[in-house]
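Now for the letters of each chain:
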Amino acid sequence: MLVILLGILLGKERKKGNAVAIATAAVLLLNNSTEVPSIAPSVQTGQSFSPPITPSKDPTLQPTKQPSPGPTPRPTKNPSSGPTNQPTCTTEQDFNLCLAVDMSGSVCNGGFFGLGSDDCVGCPIFGCRNIFLDQDTCCNDFGTIKTFSQLMIRALAQFPAEKDFSIVQFATDASIVSRPQPANDALATVNNLSYTGGITNHAAAISSCQQSLSSPQNPGRKNFIMLITDGEPTAPENAEAAATAAAAQAKSDGILIIPIFISPYYDANALTFMRGLSSDDKVFDVSDFDGLLNLQEALVNQVSCS
C-alpha cells in the first residue's frame, strides 16, 4: 500500500516539481517498513520448560565408581558342571581305612518272598536270596554294600597321600579278610566277599578293625574305621555295652570311627547309640541300601578333613 501511495505522489509531483511532497512520501515509507526477518525462529515468552526428571534434593552418598582402565585380561571361568570328586581339604594326610562290612541276616532277610529265617545263614533261596544272584552275593542289598565299599575305595584312592585299606566282615562274629593293602588289592578283596548271614556283632567288628590297623609298618598315619551296618547289635550278651566299650578302646588308640547306618525308619534310640560309637558324634544315615551311593562325597571329605 505504501509503495502505491509513493508512486501516486511521485507521479503528481513530477508534474508540479514539488520536492517537499516527494520527501514526505519517502519518510512515510521508511517509518512503516518492517525489519529484516530473523534466521532463527523466535521463542515465545511465558512458556515454562521443566526438566524431564525432578532433580534430587541431596547429593548421592556414594560416588560413581570409576570405569576400569581396560578390559579384563581373561574371561571368567564357567562354573563346574558338578561337584568335584576330589576332597575339598588341601592338607595332605596319610591314612589307613578299615571297612567293616555287615553280613548279618537283616541285610538279606527281605529277599525273595521274605519267607526265610531271620539270620539267613547259608543264604537259603526262599526268604533271603534274590532271584538270579549266586550264594556269595545272596541279595541285592548285600550287592549294594559291596558296590558302595568299592566306590569309597576308588574315591579315596584319588586323595594325594599314602593310604591303604583293610577289610573286616562281621555278623555273629567278625574276621579280618585283609590287612592294610593298596586300593587295587582292596577292590579285589571286596569283590570276592561271600555273604554269611547271622546276627549283628558291632563289638567284634570294631575290635577286628582295630587289630587290622595296629601294624607298625606305617607309623604316623591316621587310622579310620568305617562301620557299615543296618541295625543295632544283637551279639554278644549286653551287645550295646560291648560295642560302646570296643569303640572307646579304639578311640583311645587314636582311631577315628565313622558309623554308616541304614534304616528304613527313624529310630532315635538307635541313632543315639550309633552317635556314641562315633568319634565326632556324626552318623551318616540313609533310609535304604541304595542311599549309600549318595554318601560318597560327604564321606571322602570326612576322611580327608579329619
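Calculation criteria
- Residues numbered from 1 in each chain as written.
- Predicted model: local features only at pLDDT ≥ 70, side-chain atom pairs only at ≥ 80, totals over all residues.
- Heavy atoms only, no water.
- Helix = DSSP H or I, 4+ residues; strand = E, 2+ residues; numbered from the N terminus.
- Buried < 20%, exposed > 50% of the residue type's maximum accessible area, 1.4 Å probe, protein only.
- Polar contact = N/O pair within 3.5 Å; in protein donor to acceptor, adjacent residues only side chain to side chain.
- Contact = heavy atoms within 4.5 Å.
- Axes fitted to C-alpha atoms, helices over the stretch in contact; angles between N-to-C directions.
- Parallel < 35°, antiparallel > 145°, perpendicular 65-115°, else oblique.
- Left-handed = near helix turned anticlockwise from the far one by under 90°.
- Nonpolar A, V, L, I, M, F, W, Y, C, P; charged D, E, K, R; others polar.
- Pairing = 2+ DSSP bridges.
- Right-handed = clockwise from strand over helix to strand, strands pointing away.
- Disulfide = S-S within 2.5 Å.

I'd like to hear about the side chain of Ser 166, residue by residue, with values.
Here Ser 166 shows up in strand β2 (residues 163-170). Under the relative-accessibility criterion, Ser 166 is labelled buried at 0%. A polar contact is formed between the side chain of Ser 166 and the side chain of Ser 212, at a distance of 3.0 Å. Apart from residues no more than four positions distant in its own chain, Ser 166 is found in contact with Leu 97, Cys 98, Leu 99, Ser 178, Arg 179, Pro 180, Ser 212 and Leu 213.

Break down the packing of helix α6 (residues 202-212) against helix α7 (residues 239-252) for me, with residues and values.
For the pair α6 and α7, interaxial distance at closest approach is 7 Å and the crossing angle is 15°. Classified by the interaxial angle, the pair formed by α6 and α7 is roughly parallel. Every pair of crossing elements has a handedness; the one defined by α6 and α7 is left-handed. For the pair α6 and α7, the contacting residues are His 202, Ala 203, Ile 206, Ser 207 and Gln 210 in the first and Ala 242, Ala 243, Ala 246, Ala 247, Gln 249 and Ala 250 in the second. Looking at side-chain class alone, the contact of α6 with α7 contains seven nonpolar, four polar and no charged residues.

Describe the pairing of strand β4 (residues 222-229), and please don't skip the residues or the numbers.
Of all eight residues in β4, seven are buried, a share of seventy percent or more. Alignment of β4 against strand β5 (residues 255-262), held across seven bridges, turns out to be parallel. Bridge pairing in β5 places Phe 224 opposite Leu 256. In this fold, β4 hands off to α7, which returns the chain to β5; that crossover is right-handed.

Quick rundown of the state of the cysteines? Include the residues and the values.
Going through the model one piece at a time under the given rule, you end up with four disulfides. For Cys 98, the disulfide goes to Cys 209, at an S-S distance of 2.0 Å. Taking the sign of the S-S torsion, -70° for the link of Cys 98 and Cys 209, the bridge is left-handed. Of the two residues, Cys 98 is situated in strand β1 (residues 95-102) and Cys 209 in helix α6; the sequence distance between them amounts to 111 residues. As far as the burial class goes, Cys 98 and Cys 209 line up, both buried. Here Cys 123 is linked by a disulfide to Cys 138, with a sulfur-sulfur distance of 1.9 Å. Here the disulfide of Cys 123 and Cys 138 is right-handed, its torsion about the S-S bond being about 100°. Of the two residues, Cys 123 sits in the loop between α3 (105-108) and α4 (140-157) while Cys 138 sits in the loop between α3 and α4, which places them 15 residues apart along the sequence. Assessed through its relative accessible area of 2%, Cys 123 is described here as buried.

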